[in-house]
Amino acid sequence: MRPLFNKYQVWLVHTPSEANLFLWNQWKLLFPLVDRLVSLSPAKAAIRSHQAMDGIQGWLGFGRMAWNKENNEKWTTRYRQNEGSCAVVRFFDTQVWAPDWNHTDRTGLLPDLFIRLFNEPRSHISREGLVVAVKTSIARAHAATIESIMTDIADRVQGSTVSSMTRSWFPGAGFAYQIQDMNPGELDRLATGVTKPSTAGLILLFLKGKKTDP
């Protein structure tokens, strides 16, 4: 059974350029602002990062990472010490959950907030950016603070813009995936304000057995 309260206010800060937000010299500019967002939840937050390296199977290991500055330096710099080497580190995304994803898996309760730094080189609209999803009850209580933070984040990401919408954590209303799994097409739709799915999206929703708004 799905949790009753699963509505989120979702912000997307996105840029079509190669901003390398996943490198520490860029991420350290955003960290204090993201830290303020994370502090809106009383729960302990945790980080998971999906990165890969040529010649190594599976995701690169970072160990358990609680939310703090030291671990943010870890995921942005580990495996990147020898930038001149032929091994290429490929960044996919980094997620922040509060409480962490294990709590959601164990209890079925959704997080207070979810943040995802993504890298989608194939997108000409949302190549890099940040998804911030906050439960509507928290978003309403801290509306002015969050809006100010999102504006400041956008100011620090060159060539970026901010979009927002309210949506369920789960698929529906034209979205085939949960918030943490939004694909490049869904991110682009959120970026451009197009809330209705494409024909391909409708087919995917049908195949997944979900209903969507006309």
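Preceding this section is the structure that the text describes.
For every chain, the first residue of the written sequence is number 1, and numbering continues from 1 onward in sequence order. Whole-chain, interface and lining totals are the exception, using all residues; otherwise, since this is a predicted model, local features are given only for residues with pLDDT of at least 70 and side-chain atom pairs are given and counted only at 80 or more. In computing side-chain properties, one takes all heavy atoms of the structure into account and sets aside hydrogens as well as water.

1. Focus on the overall build of the chain
Okay, step 1: For the chain, the count of helices and strands is 7 helices and 7 strands.
Okay, step 2: In DSSP terms, a helix is any run of H or I states spanning at least four residues, a strand is any run of E spanning at least two, and both are numbered starting from the N terminus. The helix and strand sequence of the chain, counted from the amino end, reads β-α-β-β-α-β-α-β-β-α-α-β-α-α.
Okay, step 3: Here the term buried applies to any residue with accessible area under 20% of the maximum for its type, exposed to any over 50%, and partly exposed to those in between, with areas from a 1.4 Å probe on protein chains only. The buried share among the 214 residues of the chain stands at 50%.
Okay, step 4: The contact criterion used throughout is that any non-hydrogen atoms of two residues lie within 4.5 Å. Excluding contacts between residues fewer than 6 apart, the proportion of contacts in the chain whose partners are at least 24 apart in sequence is 68%.
Okay, step 5: Note that accessible areas follow from Shrake-Rupley with a 1.4 Å probe, and for residues the cover is restricted to the protein chains shown. Summing over all exposed atoms, the chain offers an accessible surface of approximately 11,200 Å²; the carbon and sulfur share of this is 54%.

2. Description of the nonpolar core
Burial of nonpolar side chains together is a common tendency in soluble globular proteins.
Okay, step 1: We call a set of buried Ala, Val, Leu, Ile, Met, Phe, Trp, Tyr and Cys residues a nonpolar core when their side-chain atoms join them within 4.5 Å. Counting residues in hydrophobic clusters, the biggest one holds 40 residues, and the most contacted among them are W27, V34, L37, W75, I115, L130 and I153.
Okay, step 2: For this core, the secondary structure elements donating two or more residues are β1 (7-15), α1 (24-38), β2 (46-53), β4 (89-98), β5 (113-119), β6 (128-135), α4 (136-141) and α5 (143-156).
Okay, step 3: The dominant element in this core, judged by the number of residues it contributes, is α1, at 8 residues.
Okay, step 4: Setting aside chain neighbours within four positions, we find W27 in contact with L21, V34, N72, W75, T76, L117 and L130.

3. Some words on the pattern of salt bridges
Opposite charge on two side chains lets them pair, provided their charged atoms get close.
Okay, step 1: Salt bridge, as used here, is a side-chain nitrogen of Lys or Arg placed within 4 Å of a carboxyl oxygen of Asp or Glu. Applying the stated criterion to the full structure yields 5 salt bridges.
Okay, step 2: Close ionic contact of R127 with E18 constitutes a salt bridge, the shortest N to O distance being 3.8 Å. A residue pair is termed long-range when its members are at least 10 positions apart, and R127 in the loop between β5 and β6 and E18 in the loop between β1 and α1 qualify at 109 residues.
Okay, step 3: Taking the relative accessible area as the measure of exposure, R127 reaches 22% and is therefore partly exposed.
Okay, step 4: A relative accessible area of 54% means that E18 is categorised as exposed.
Okay, step 5: Between R64 and D100 there is a salt bridge, with the nearest N and O atoms lying 3.5 Å from each other. With a gap of 36 residues between them, R64 in the loop between β2 and β3 (65-66) and D100 in the loop between β4 and α3 (101-107) connect regions that are remote in the sequence.
Okay, step 6: What you see here is one network of salt bridges that share partners, running through D93, R116 and E120.

4. Quick word on the packing of α1 against α5
Okay, step 1: Structural elements are reduced to axes, namely lines fitted to C-alpha atoms, with helices fitted over the stretch in contact, and the angle between N-to-C directions of any two is expressed from 0 to 180 degrees. Two elements in contact, α1 and α5, have axes separated by 10 Å at closest approach and are oriented at 165°. With respect to each other, α1 and α5 are oriented roughly antiparallel. Handedness of the α1/α5 crossing: left-handed. Contact with α1, carried on its side by L29, L30, L33, V34, R36 and L37, involves T145, I146, I149, M150, D152, I153 and R156 of α5 and no other residues of that element. Every angle not falling under 35 degrees, over 145, or within 65 to 115 is termed oblique; those three ranges are roughly parallel, roughly antiparallel and roughly perpendicular. Helix crossings fall into two classes, left-handed where the near helix is turned counterclockwise from the far one by less than a right angle and right-handed where it is turned clockwise.

5. Considerations on helix α6 (residues 184-192)
Okay, step 1: E186, L187, D188, R189, L190 and A191 are the residues of α6 that are buried.
Okay, step 2: The elements touched by buried residues of α6 are β1, β5, β6 and β7 (161-168).
Okay, step 3: Phi for G193, located one or two positions after α6, is positive at around 80°.

6. Topic: the sheet that holds β2
Strands pair in a sheet through their backbones, by hydrogen bonds, and they do so in one of two ways: parallel or antiparallel.
Okay, step 1: We call two strands paired when DSSP finds no fewer than two bridges between them. Strand order in the open sheet made by the 7 strands is β3-β2-β4-β5-β6-β1-β7, with antiparallel pairing throughout. Either end of the sheet is taken by a strand with one partner, and the two such strands are β3 and β7.
Okay, step 2: Of the pairings in the sheet, the one linking β2 to β3 comprises 2 bridges and is antiparallel in character. Opposite A46, over in β3, you have A66 as the bridge partner.
Okay, step 3: Packing of α1 onto the sheet brings it into contact with β4, β5 and β6, and relative to β5 it is tilted by some 160°.

7. Remarks on the packing of aromatic side chains
Okay, step 1: Any Phe, Tyr or Trp ring, taking Trp's six-membered ring, that has another such ring centre within 6.5 Å forms a pair; planes under 30 degrees apart are called stacked, those over 60 apart edge-to-face, and the others tilted. A complete count under the given rule lists 10 aromatic pairs for this structure.
Okay, step 2: Each ring, one from W59 and one from F92, has its centre 5.2 Å from the other, and the planes form 75°; the classification is edge-to-face. With W59 in the loop between β2 and β3 and F92 in strand β4, this residue pair connects regions lying 33 residues apart in the sequence.
Okay, step 3: The interplanar angle of 25° and the centroid separation of 5.9 Å between the aromatic rings of W75 and F91 together place this pair among those described as stacked. With W75 in helix α2 (residues 69-77) and F91 in strand β4, the pair connects residues that are 16 residues apart, well separated along the chain. The residues W75 and F91 share a single accessibility class, namely buried.
Okay, step 4: One aromatic cluster is present, formed by Y8, W97, F114 and W169 through successive ring pairs.
Okay, step 5: Charge-over-ring placement is defined geometrically: NZ (Lys) or CZ (Arg) within 6 Å of the ring centre, and within 35 degrees of the ring normal. The ring of F175 carries the charged tip of R167 above its face, separated from the ring centre by 4.5 Å.
Okay, step 6: Positioned above the aromatic ring of F175, the side-chain terminus of R189 is 4.6 Å from the ring centre.

Such coordinate-based values are descriptive only and should not be taken to indicate function.
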